Amino acid sequence: MKKFFMLAVVVIINAKRFEFSPAEVHLKKGEPVTIRLVSTDRPHGLSSKPLGIELDGNDEVTITPQTAGTFKAICDHYCGSGHGGMKMTFIVE
Amino acid sequence: MDRRSFLKFSAASLGAGALLQFTPAQAAIPFFTRRNGEAPSPFSFVQLSDTHVGFSGPPDPLGTKAFERAVDTINALDPLPDLVLFTGDLTHDSEDASEHAARMKRFKEIASRLRVKKRFHVPGEHDSALDGGTLFKEHFGESHYAFDHKGVHFVGLDNVSSGKPMVGKEQIAWLQRDVARFSKTTPIVVFTHRPLFDLQPEWEWFTTDGDDVMNVLAPFDNVTILYGHIHRAHHRTIGNAQHHAARSLIFAFPDPATAAEKKALPFDKEHPFKNLGIREVSSSPIAIDDIELTAREISGTEGVQQLRKGGVL
C-alpha cells in the first residue's frame, strides 16, 4: 500500500533592518508550510500569534493555517530606530 | 479575608505617571502590625514611564520638558510620595554608545531633582535591547530585583533586555524563589516595561512568557502590575491581578480598539502636554485629581470611572 506524505513548502523570509522580504506571502488554508526566518544583519524576530509563528534569529516553524484571512507579522526582536515599522503580511487563501 | 478587605488600593496610571496610594484596610492591620504594636502608615508612590530622554523629532518637539514638568509636579505634592518607580524607556536608544550614555546621564540629572529620594528603575527596550542591558546596569544597577516597603512587596522585572518581549526562564525561577516566603495575602506590586498579557500583539504590546510570570503570582490574592510601553493609560483585571499602564512623558499612542495603525498621536501646540499629566490618587475618601501639565488644573472624574470599571475601587 502506498503512503502519501504531504511535504511542506518552505517559505524563506529574509529580515534586515528594518524590513522583511518578501513583505507579503500568500499561504493556502489547510496546507502545511514551513516558514523560515533568515536574519541577514542582526537578530530579528518574526511573530504572528494567530498563525502560531514565533521565530527568532535564524529559525523555522511548520504551520498549517486553519483560517483564511490577512495576518500581520512583526519583528519582535528590537533592532533599532525603525524597529516599530518592521512588519509583513501573510494572506491565507 | 478577600483582596478588597485586605487592602484598600487606589491606583491610577497617570499622565506623567501614576501616583498610587496604599491604605491597609482595617481588617489587614493585624497582619501589618509591627512588633511594637503600631500599624504601618498608609503611603503613596508615583509611577513614571517612557521619558525617552534623547528622543527628538515628530510628533513631540518638546524633548524632556514633560519629564521636567512632571518632576516639578511631584515635588509639589503634599505629602511627598514615598517612592518613584520608573517603568522603562528612560532613554531613547542611539547607535552611538557614548551618545546613549550621555542620554542616561541626562535622565539621571533630571530625576535627581526629585525630592523623592527612593527611586527605582526597570529598563525598556530603548534602554537595553541593543546592548543586552550593559549600559542600563552601569547607570541604574540590576534590571530585576525586589524590595519591601511598609508591608508591600515590590518586584522589578526586566522583559526587554534580551531584545525579545520576554522575561526568561532564569528570571521567572528567581521570581518563584523570591515570592515563596510570602503569605498569599501579601500585597505584591510588580513593575515592568511591557504588558504581561496579550494587549495588542500586532503592536508588540505583549510579553511572550507573561503567562508564566502570572502563573507564579496566581496564588497571591493581591497583585498589582504596573507597566509602561504603550504610552497610554490602560487598566485590566485578570484573575487576582490588576494591570495598570502609565502614559508616557513624550507622546501618546492611540487606542488600538479604534486605530488601525500604531501611529503616535499628533502634537497639539495649543495643548503641548495633552495626554501627559499626573493623576494623583488619595484615599479616605478616595479622590483622584488629574493634573494636566500645562494647565495645572484638576480635570476630573474620568479616572475614577475608569478605576471603578476596572474593579479597583
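Description of the structure in this document.

## Remarks on the overall build of chain B
In terms of regular secondary structure, chain B is built from nine helices and 13 strands. When each of the 313 residues of chain B is scored for burial, the buried share is 59%. Within chain B, contacts between residues separated by at least 24 positions form 68% of all contacts whose residues are at least 6 apart in sequence. Summed over all atoms, the accessible surface of chain B reaches about 12900 Å², with 50% contributed by carbon and sulfur.

## Some remarks on empty space enclosed by the protein
The final tally for this structure, using the stated rule, is one cavity of 30 Å³ or more. Volume-wise, the largest cavity comes out at about 40 Å³. S47(A), S48(A), K49(A), P50(A), K72(A), I74(A), P201(B) and E202(B) are the residues that line the largest cavity. Of all the secondary structure elements, the ones that give two or more residues to the lining of the largest cavity are β5 (45-48) and β8 (69-74) of chain A. Grouping the constituent residues of the lining of the largest cavity by class yields three nonpolar, two polar and three charged.

## Some remarks on helix α8 (residues 210-217) of chain B
Residue and element names in this part refer to chain B. Taken together, the buried positions of α8 are occupied by G210, V213, M214, V216 and L217. Buried residues in α8, looked at end-on, bunch into an arc of 150°, giving them a common side. Counted as exposed and oriented over 90 degrees from the buried face of α8: D211 and N215. Looking at the buried positions of α8, the neighbouring elements they touch are α7 (169-179), β8 (188-191), β9 (223-227) and β11 (241-245).

## What to know about the interface of chain B and chain A
The partner chain A presents 19 residues to the 17 residues of chain B that form the contact. Across the interface of chain B and chain A, roughly 1400 Å² is buried in total on both sides, 49% from carbon and sulfur atoms. Linking chain B with chain A are six salt bridges, by the criterion used here. Between chain B and chain A we count nine residue pairs in polar contact (both at pLDDT 80 or more) in total. Class assignment of the residues belonging to the side of chain B that touches chain A gives a composition of five nonpolar, four polar and eight charged.

## Comments concerning the sheet that holds strand β7 (residues 59-63) of chain A
All names here are of chain A. Taken in spatial order, the four strands make up an open sheet running β2-β1-β4-β7, and their pairing is mixed. With one partner strand each, in any of the chains shown, β2 (19-21) and β7 form the two edges of the open sheet. Mean inter-strand twist for the sheet, computed between neighbouring axes without regard to direction, equals 25°. Both strand β4 (residues 33-39) and β7 contribute to a ladder of five bridges, which runs antiparallel. Bridging across to β7, L37 finds its partner in D59.

Conventions used here
- Residues numbered from 1 in each chain as written.
- Chains lettered and ligands numbered in written order.
- Predicted model: local features only at pLDDT ≥ 70, side-chain atom pairs only at ≥ 80, totals over all residues.
- Heavy atoms only, no water.
- Helix = DSSP H or I, 4+ residues; strand = E, 2+ residues; numbered from the N terminus.
- Buried < 20%, exposed > 50% of the residue type's maximum accessible area, 1.4 Å probe, protein only.
- Contact = heavy atoms within 4.5 Å.
- Areas by Shrake-Rupley, 256 points an atom, 1.4 Å probe, with all protein chains shown as cover.
- 1 Å grid on protein atoms, 1.4 Å probe; cavity = no way out; pocket = protein on both sides within 12 Å on 5 of 7 lines; lining within 4 Å.
- Points joined across faces, edges and corners; volume = space filled by probe spheres on them.
- Nonpolar A, V, L, I, M, F, W, Y, C, P; charged D, E, K, R; others polar.
- Arc of directions from axis to C-beta.
- Buried area = accessible area lost by both parts, 1.4 Å probe.
- Salt bridge = Lys/Arg side-chain N within 4 Å of Asp/Glu carboxyl O.
- Polar contact = N/O pair within 3.5 Å; in protein donor to acceptor, adjacent residues only side chain to side chain.
- Pairing = 2+ DSSP bridges.
- Axes fitted to C-alpha atoms, helices over the stretch in contact; angles between N-to-C directions.

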